[in-house]
Structure formats: C-alpha cells, structure tokens
Amino acid sequence: LFCNVTSASVECAMIVLDEKKYFQKRVALIKKRKANFEKFLKNMGFNVIESETNKIFINFQSSHDSQKLYQFLDQNGVGVTLGNGFGTCGFDKTFIQFACGTEKEMNVLAKLLRKYGQEK
C-alpha cells in the first residue's frame, strides 16, 4: 500500500526534524501545563482520568452532573466535549473531555471552574 505525500508535507516534516529541540521543549511545556491543571482539578474534587494525550478527561458520578458543568462552560464560551459513547473514544455521558490549551486559556478555565464550584 502506497500513500502519496505532497512535497509540502515532506518539507514540513524535514523542518520539524531540524527543529527537534524546539518541539521537545514545547511538548514538555504542554505536558507540565496539563499535569498542573489535572492537579488543580483533583484538588477541586474532580475525578480526572489521566492519559498520555493533551486531552483532559473528567468523569462524573452521573450524566446529570457532567451535563451541568458542560452547560455552564458552554454558556461561558468554553468548548468541551460531552461523552456520547461513540466519537469520544467510548466515553459515555458521564465524561467531559477537552484539550489542554495555552496558559491563558487554562487560566480562564480555572477561573470559571472556581466560579462553578462556588455556585454549586
């Protein structure tokens, strides 16, 4: 089986290989940010499911609880994915997932989650 690869894709791959140290630093920074945010969530009492991806998974006791946070975040302009059992790696509606974003994005999310915790 052969797959055609464009010359632009090959050129991008070559640049990435040339910049290996830069990308290693970026990956390390993202991993650290994610780990810190997962710790923050755990300290707030959320059940975090750890992964080796840049996704953060929170498991709730019921779909009612996950939908409540989902709606709160949606109303405040934060996009997260509510589990559906299919397109979310098999996670059902008791799960929420979202990508670890920039430092600024994660700070905004932390502020909103603190507000959410106070309103409960």
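Thresholds, definitions, all that
Sequence positions are assigned chain by chain, starting from 1 and proceeding in written order. Residue-level local features of this predicted model are given only where pLDDT is at least 70; pairs of side-chain atoms are given and counted only at 80 or more, and the full residue set underlies all totals for whole chains, interfaces and linings. The side-chain figures draw on all heavy atoms in the structure; neither hydrogens nor water molecules are used. Secondary structure elements are taken from DSSP: a helix is a run of H or I of four residues or more, a strand is a run of E of two residues or more, and numbering for both begins at the N terminus. The quantity called the radius of gyration is restricted to C-alpha atoms. Its globule counterpart is 2.2 Å times the number of residues to the power 0.38. Only protein chains enter the accessibility calculation, which uses a 1.4 Å probe; a residue is then buried when its area is under 20% of its type maximum, exposed when over 50%, and partly exposed in between. Note that accessible areas follow from Shrake-Rupley with a 1.4 Å probe, and for residues the cover is restricted to the protein chains shown. Lys and Arg are tallied as positive, Asp and Glu as negative. Neither His nor the chain termini are counted. Here the site of a charge means atom NZ of a Lys, CZ of an Arg, CG of an Asp or CD of a Glu. Each reported salt bridge corresponds to a side-chain nitrogen of Lys or Arg within 4 Å of a carboxyl oxygen of Asp or Glu. Think of a nonpolar core as a cluster: buried Ala, Val, Leu, Ile, Met, Phe, Trp, Tyr and Cys residues, connected wherever their side-chain atoms sit within 4.5 Å. When checking whether two residues touch, look at their non-hydrogen atoms; a contact exists if any pair is within 4.5 Å.

**Q** Please provide a residue-by-residue account of the overall build of the protein, values included.
**A** Counting secondary structure elements, the protein contains four helices and four strands. Here the C-alpha atoms of the protein give a radius of gyration of 18 Å, more than 25% beyond the 14 Å that 2.2 N^0.38 yields for 120 residues. Projected onto its principal axes, the C-alpha positions of the protein cover 55 × 30 × 25 Å. Per-residue burial for the protein yields a buried fraction of 28% across its 120 residues. Taken as a whole, the protein presents about 8700 Å² of accessible surface, with 54% of it coming from carbon and sulfur. When the 18 basic and 12 acidic side-chain charges of the protein are each reduced to a single mean position, those positions are 6 Å apart.

**Q** Please provide a residue-by-residue account of the pattern of salt bridges, values included.
**A** Side chains carrying opposite charge are able to pair once their charged atoms draw close together. Scanning the model with the defined rule gives three salt bridges in all. For Arg33, the salt bridge goes to Glu103, with nearest N and O atoms at 3.3 Å. Separated by 70 residues along the polypeptide, Arg33 in helix H2 (residues 20–43) and Glu103 in helix H4 (residues 103–119) bring together distant segments of the chain. Accessibility expressed as a relative area gives 13% for Arg33, which makes it buried.

**Q** Hey, could you go over the nonpolar core for me, with residue numbers and the actual values?
**A** Core analysis: the biggest nonpolar cluster contains 23 residues, and Phe37, Leu41, Leu69, Leu73, Phe98, Leu109 and Leu113 have the highest contact counts within it. Secondary structure elements with two or more residues in this core: H2, strand S2 (55–59), helix H3 (63–75), strand S4 (95–99) and H4. When residues in this core are grouped by element, the largest group, six residues, is from H4. Leu69 has contacts with Phe46, Phe60, Ile96, Leu113 and Tyr116, leaving out every residue within four places of it along the chain.

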